Amino acid sequence: MLPTVSIIGAGIGGLHAAIALQQAGFEVQVFEAAPELRPVGAGIIMAANAAQIAQRLDYYEELLAAGNPLAWFGVADRHGRPMQVTDIGAIARRYGAPSIAIHRGALQQVLLRQLRPGTVHTGRRFEALGRHDASGVEVRFADGSTVQSDILIGADGLRSAVRQALFGDTPLRYSGQTCWRAILDHRLEDPSRAVELWGSTGGKRVAMIQVNAEQVYMYFTLKSQPGLRHDPAQAPAMLRAQLQEFPAWYGELAGACRPEALHHGDLSDLKPIPAWHRGRVLLLGDAAHATTPNLGQGGCQAVEDAWTLAQLLRRQPDPALAFPEFARLRRPKVDYVVRTSWMLGQVSNYGGWLAPLRNALLRAAPGTVAERQMDRLLRIKP
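Residues numbered from 1 in each chain as written. Predicted model: local features only at pLDDT ≥ 70, side-chain atom pairs only at ≥ 80, totals over all residues. Heavy atoms only, no water.

1. Quick notes on the overall build of the protein chain
Part 1 of the reasoning: Along the protein chain, the regular secondary structure elements total 13 helices and 19 strands.
Part 2 of the reasoning: Computed over the C-alpha atoms, the radius of gyration of the protein chain is 21 Å, within 12% of the 21 Å expected from 2.2 N^0.38 for a compact globule of 382 residues.
Part 3 of the reasoning: Overall size of the protein chain, expressed as C-alpha extent along the three principal axes, is 60 × 45 × 35 Å.
Part 4 of the reasoning: When the 382 residues of the protein chain are sorted by exposure, 53% land in the buried category.
Part 5 of the reasoning: Expressed as a percentage of contacts within the protein chain between residues at least 6 apart in sequence, the contacts between residues at least 24 apart total 73%. (Helix = DSSP H or I, 4+ residues; strand = E, 2+ residues; numbered from the N terminus. Rg over C-alpha atoms; globule rule 2.2 N^0.38 Å. Buried < 20%, exposed > 50% of the residue type's maximum accessible area, 1.4 Å probe, protein only. Contact = heavy atoms within 4.5 Å.)

2. Looking at the sheet that holds strand β9 (residues 126-133)
Part 1 of the reasoning: Taken in spatial order, the 3 strands line up as β9-β10-β11 in an open sheet, and their pairing is antiparallel. Each end of this open sheet is capped by a strand with a single partner; those strands are β9 and β11 (146-149). Across the sheet, the mean angle from the axis of one strand to that of its neighbour is 20 degrees, orientation sign disregarded.
Part 2 of the reasoning: Taken together, the 4 bridges between strand β10 (residues 136-141) and β11 define a ladder with antiparallel strand orientation. Residue pairing in the sheet places Val137 in a bridge with Ser149 of β11. (Pairing = 2+ DSSP bridges. Axes fitted to C-alpha atoms, helices over the stretch in contact; angles between N-to-C directions.)

3. Considerations on helix α2 (residues 48-56)
Part 1 of the reasoning: Burial within α2 is extensive, with 7 of its 9 residues counted as buried.
Part 2 of the reasoning: Turning to α2, its buried residues are Ala48, Asn49, Ala50, Ala51, Gln52, Ile53 and Ala54.
Part 3 of the reasoning: One or two residues past the end of α2 sits Asp58, with phi positive at roughly 65 degrees.

4. Some remarks on helix α12 (residues 355-364)
Part 1 of the reasoning: Listed in full, the buried residues belonging to α12 are Ala355, Arg358, Asn359 and Leu362. When α12 is viewed along its axis, its buried side chains cluster within an angular range of 95 degrees and face the same direction. Summarising the geometry of α12, the exposed residues directed more than 90 degrees from the buried face are Pro356, Leu361 and Ala364.
Part 2 of the reasoning: Tucked into the core, α12 has its buried residues touching β5 (72-76), β6 (82-87), β14 (193-198) and α11 (319-348). (Arc of directions from axis to C-beta.)

5. So, the pairing of β11
Part 1 of the reasoning: Of the two faces of β11, only one is covered, namely that formed by Val147 and Ser149; the face formed by Thr146 and Gln148 stays uncovered.
Part 2 of the reasoning: Connecting β10 to the next strand, β11, in antiparallel fashion are 4 residues, including Gly144 with a positive phi near 95 degrees.

6. Comments concerning the pattern of salt bridges
Pairing is possible between side chains that carry opposite charge, provided their charged atoms lie close to one another.
Part 1 of the reasoning: Within this structure, the stated rule accounts for 14 salt bridges.
Part 2 of the reasoning: In this structure, Asp133 and Arg131 form a salt bridge, with 3.2 Å as the shortest nitrogen-oxygen distance.
Part 3 of the reasoning: On the basis of relative accessibility, which here comes to 34%, the residue Asp133 falls in the partly exposed class.
Part 4 of the reasoning: Across the pair Glu325 and Arg328 runs a salt bridge whose closest N-O atoms are separated by 2.7 Å. Linking Glu325 with Arg328, this pair stays in helix α11, spanning 3 residues, or about one helical turn.
Part 5 of the reasoning: A relative accessible area of 28% places Glu325 in the partly exposed class. (Salt bridge = Lys/Arg side-chain N within 4 Å of Asp/Glu carboxyl O.)

7. Some words on the packing of helix α1 (residues 12-23) against helix α10 (residues 298-315)
For any two helices packed against each other, one specifies the inter-axial angle together with the distance between the axes.
Part 1 of the reasoning: It is at 8 Å that the axes of α1 and α10 come closest, and there the two elements cross at 25 degrees. Between α1 and α10, the interaxial angle falls into the category roughly parallel. Both α1 and α10 take part in a crossing whose hand is right-handed. Contacts between α1 and α10 involve Ile12, Gly13, His16, Ala17, Ala20 and Leu21 on the former and, on the latter, Gly299, Ala302, Val303, Ala306, Ala310 and Leu313.
Part 2 of the reasoning: Looking at the contact of α1 with α10, its residues break down into 9 nonpolar, 3 polar and no charged. (Parallel < 35°, antiparallel > 145°, perpendicular 65-115°, else oblique. Left-handed = near helix turned anticlockwise from the far one by under 90°. Nonpolar A, V, L, I, M, F, W, Y, C, P; charged D, E, K, R; others polar.)

Shown next as structure tokens:
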């Protein structure tokens, strides 16, 4: 008899883990703190590694229909002149799947449709671990309810309460940048092309990426002390002013957005922690190895976590054996993602008189280096 599994968090990692485990024959329940699951949030790129797993979990066609496949991604200077270019079309031919930009809310709805009715329970905020021994794991929720299962997976994000319960305080590492994100009503001239522009001011970056036929995902980063506060009602005007050094339409589009459409937060990651599991409890995705978004791999690595874990537990349902093997298989790649993404963000923080040198170095990077990096990120083992 397979062990029962409880998952804390109905984000990308938690829902993928539930899908993969249900398909492998496990009884799974997902517990989410939010009172309801609504299609909110900004955008995400499901890169070729995540799209390959979508194929294996048999929801790829739905993902493709709800999102926008990309053919080209570039990093450019403030005028839009390319500094580094990735041919996503070539990547799709190599790995059998493209990178797909999609609204996070739309992705969540696609994932929910893959689960059996009654799998996800909302309004259940994790409060504490109860009894945790060879007979199972008990979880206490803020509403006073409890649940017991054979295995508990903490997929509750960057500020994971499950991680806190297991290992105590694990301080986050601030990147030096704060970020605004939004979904805007617009259609790009070429929806298959995505570009991130770097400003002459350190840390200033902006991108507009088509996520469906009528909407684009915008993000804008700014070098700042942590905890920057501003009047949300004035945010569109602030973005318009900050984006003046870029092509005019960036500021016009961002400045016209509704204040309530903007999501603002500091960019932080989690320096590698010594362990991801204890007993019958395992951390997954950002709860275990949160990364800055500079490689576009945070959600994708959570998807890989979910797939890997389900395959291991299907072959070896004993967490005492499966969990250490999960960490052994996954840690080299996610540590590489966290480290490389952090370094790229720090490079982007250089501005002023260093900006031309920074840009020249990006242009001079050999294409073979980018190819090796892409292969390391996107290749999925059978």
